[in-house]
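# Descriptive structure summary
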Amino acid sequence: QQAMSLARVFCHLHGYLQPISNAQIPLVSVLTRTQNNVKHWQHTAPQPTSCRLQLQEECLELSYGGLVMHFDYVWLRDHCRSASCYNSKTNQRNLDTANVELNIHPTNYRVDDENLFLTWPDGHVTRYNLSWLAQNSYEGQKQSAMQPRIVWNSDIYTSAKVPFANWDKFMTCDEELKNFLSNFLLYGIAFVEGVPSTVEATETVTRRVSLIRETMYGKMWNFTSDFSRGDTAYTKLALDRHTDTTYFQEPCGIQVFHCLRHEGTGGRTLLVDGFYSAGQVLKKTPEHFELLARVPIKHEYIEKVSKHQNHMIGIGPVLNVYPWNNEIYMIRYNNYDRAVINTVPHDIVKRWYVAHRELTTELRKPENELWVKLKPGKVLFIDNWRVMHGRESFTGLRQLCGCYLTRDDVLNTARSLGLQA
Ligand SMILES: C[N+](C)(C)CCCC[C@H](N)C(=O)O
Ligand SMILES: O=C(O)CCC(=O)C(=O)O
Ligand SMILES: [Fe+2]
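Scoring rules and cut-offs
Residues numbered from 1 in each chain as written. Chains lettered and ligands numbered in written order. Predicted model: local features only at pLDDT ≥ 70, side-chain atom pairs only at ≥ 80, totals over all residues. Heavy atoms only, no water. UniProt positions renumbered as here; feature names shortened; annotations may be inferred. Near = heavy atom within 4 Å. Polar contact = N/O pair within 3.5 Å; in protein donor to acceptor, adjacent residues only side chain to side chain. Areas by Shrake-Rupley, 256 points an atom, 1.4 Å probe, with all protein chains shown as cover. Nonpolar A, V, L, I, M, F, W, Y, C, P; charged D, E, K, R; others polar. Helix = DSSP H or I, 4+ residues; strand = E, 2+ residues; numbered from the N terminus. Domains from an automatic or database assignment. Donors = N, O, S within 2.8 Å, 3.2 Å for Na, K, Ca; no water. Buried < 20%, exposed > 50% of the residue type's maximum accessible area, 1.4 Å probe, protein only. Axes fitted to C-alpha atoms, helices over the stretch in contact; angles between N-to-C directions. Parallel < 35°, antiparallel > 145°, perpendicular 65-115°, else oblique. Contact = heavy atoms within 4.5 Å. Left-handed = near helix turned anticlockwise from the far one by under 90°. Pairing = 2+ DSSP bridges.

By the naming in an unreviewed UniProt entry, the chain goes by Trimethyllysine dioxygenase, mitochondrial and is assigned to Esox lucius. Per UniProt, the chain has the following entry under Catalytic activity (unreviewed entry): "N(6),N(6),N(6)-trimethyl-L-lysine + 2-oxoglutarate + O2 = (3S)-3-hydroxy-N(6),N(6),N(6)-trimethyl-L-lysine + succinate + CO2".

Rendered as structure tokens:
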């Protein structure tokens, strides 16, 4: 019974959520509806785009560029971009959506080569640019990625020979920053070389990209294996691949590492593209991908050392996907910080362990591991929603400084430079 109800929870949006097992199978939707009472308009303009519009009873159907799209009428009224409905200076809606009749239907329409004009019952006319409609259709979004990426294993990343940014240029030239961010968005990691080996310079280099996300570890942190905090990061032990701050409701988006000093052996950094491995699971066992994307898992940070009393809890699936296109956008993977699982019935929990094992097997394949030795001067930015990090055990004095960044601000900087983020 419990299992049944959980299954129902997972499926209750089924009409909308495409089963994940069908993800990445391109949508081919052929609609051949020719009812008599359907208002019908054939766009016959010779070139360059052939497009067909139908005002059906339920919605507007637009065929454009090989895609059949549907727009609900209340949606169309809500998205009127006229001056009285929308403030184009601030890009904010003026229209009070609550005043729109939910079963609204246009009383008249007209088209020209580029636009559709709808007249509403109160006489208000809305103009829709056809390519704007095409760009904003659900069917279009469902087929496209929010974020273009290159997923990698060690060979793919190494042979891409992604250039490092250079500190001087990075600080003064927007083109260098843009190239850096473009690489960061594509691969989920990026380096800046030639940075002075101080906490201050590390802060300066990160401030060029984003605001710093302050956490209970502070703003900039600079740590050694001194056991000063209740976490194994503050030891000399090896750490298996993981993402950080899985115990936050919103895990930190980006982590910055700068090794200021190491006199000893070992201590290399391990990087693994979690999206590559998740993609392998999707390809091989889609139902495992689905379980990892649906079963909520708790992570927890409990620290009780004299000055530091912290208790953090974050809940969410291991794989986070956008429901309309099943694109993965965040992976939460930290076996050290994973808390007691008590929100999942026993039969589903068993299947979840099997799925988690498959993901772990993928993540641990040696060909997926990129090992780097961080050196003073070389600052590493890691997409903590995508790329796992770990470290080899070490000897001697090793000092690592860095910080977390607020994801929104990193993406904001990227967009301001014209990148898709
Ligand atoms: C980076 N810094 C040393 C400040 C904190 C490390 C946090 C480690 C924690 N187990 C986690 O994975 O979130
Ligand atoms: O010491 C390192 O290289 C990294 C440790 C770690 O995982 C962290 O600080 O988040
Ligand atoms: Fe970590």
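### Quick look at the site of ligand 2
Residues in close proximity to ligand 2 include Phe 223, Leu 239, His 242, Asp 244, Gln 255, Phe 257, His 389, Arg 391, Arg 398 and Leu 400, which together make up its full environment. Between Asp 244 and ligand 2, the recorded distance is 2.8 Å, taken from a side-chain N or O atom to an oxygen atom. One of the side-chain N or O atoms of Arg 398 is found 2.7 Å from an oxygen atom in ligand 2. In isolation ligand 2 has 300 Å² of accessible area, and contact with the protein removes 95% of it. Among the residues forming the shell around ligand 2, the class breakdown is 4 nonpolar, 3 polar and 3 charged.

### Structural notes on the UniProt feature "domain: Gamma-butyrobetaine hydroxylase-like N-terminal" (unreviewed entry) in the chain
The UniProt record annotates "domain: Gamma-butyrobetaine hydroxylase-like N-terminal" (unreviewed entry) at residues 53-133. End-to-end, the C-alpha atoms of residues 53-133 are 11 Å apart, and along that stretch the chain is 12% helix and 41% strand.

### Brief notes about the domain arrangement of the chain
One can read the domain layout of the chain as domain 1 (13-143) and domain 2 (154-416). Using only C-alpha atoms to locate each centre, domain 1 and domain 2 end up separated by 41 Å.

### Notes on the coordination of the iron ion (ligand 3)
The iron ion (ligand 3) binds to the protein through His 242 (NE2), Asp 244 (OD) and His 389 (NE2), with metal-donor distances spanning 2.1 Å. Counting gaps between the donor residues of the iron ion (ligand 3) yields the pattern H-x1-D-x144-H. The same class applies to His 242 as to Asp 244, namely buried.

### Comments concerning the packing of helix α9 (residues 274-284) against helix α10 (residues 286-294)
Taken N-terminus to C-terminus, the directions of α9 and α10 make an angle of 130 degrees; their axes are 5 Å apart at the nearest point. Considering their axes alone, α9 and α10 lie oblique with respect to each other. Of the residues in α10, those touching α9 at Ala 278, Val 281, Leu 282, Lys 283 and Lys 284 are Pro 286, His 288 and Phe 289.

### Some details on unusual backbone geometry
Backbone geometry at Asn 91 places phi at a positive 55 degrees, although glycine is not the residue there. Mapped onto the fold, Asn 91 is located in the loop between β5 (86-87) and β6 (92-93). Despite not being glycine, Phe 227 shows a phi value in the positive range, around 55 degrees. Topologically, Phe 227 is positioned in the loop between β13 (221-223) and β14 (239-242). With relative accessibility at 60%, the residue Phe 227 sits in the exposed group.

### Details of the packing of helix α7 (residues 174-187) against helix α12 (residues 407-416)
Close contact between α7 and α12 brings their axes to 10 Å; oriented N to C, the two are set at 125 degrees. In terms of axis orientation, α7 runs oblique to α12. In this structure, α7 crosses over α12, and the sense of that crossing is left-handed. Packed against α7, whose contacting residues are Leu 177, Leu 181, Phe 184 and Leu 185, the element α12 presents Val 410, Leu 411, Thr 413 and Ala 414 at the interface. Classifying every residue of the contact of α7 with α12 gives 7 nonpolar, 1 polar and no charged.

### Things to note about the sheet that holds strand β16 (residues 269-273)
Ordered by their spatial adjacency, 4 strands build an open sheet running β14-β23-β16-β21, and the pairing between neighbours is antiparallel. Lying at the two open borders of the sheet, with one neighbouring strand each, are β14 and β21 (370-372). Here the strands of the sheet are splayed against their neighbours by 20 degrees on average, with no regard to which way each runs. Judged from the 3 bridges that link them, β16 and β21 form a sheet pairing that is antiparallel.

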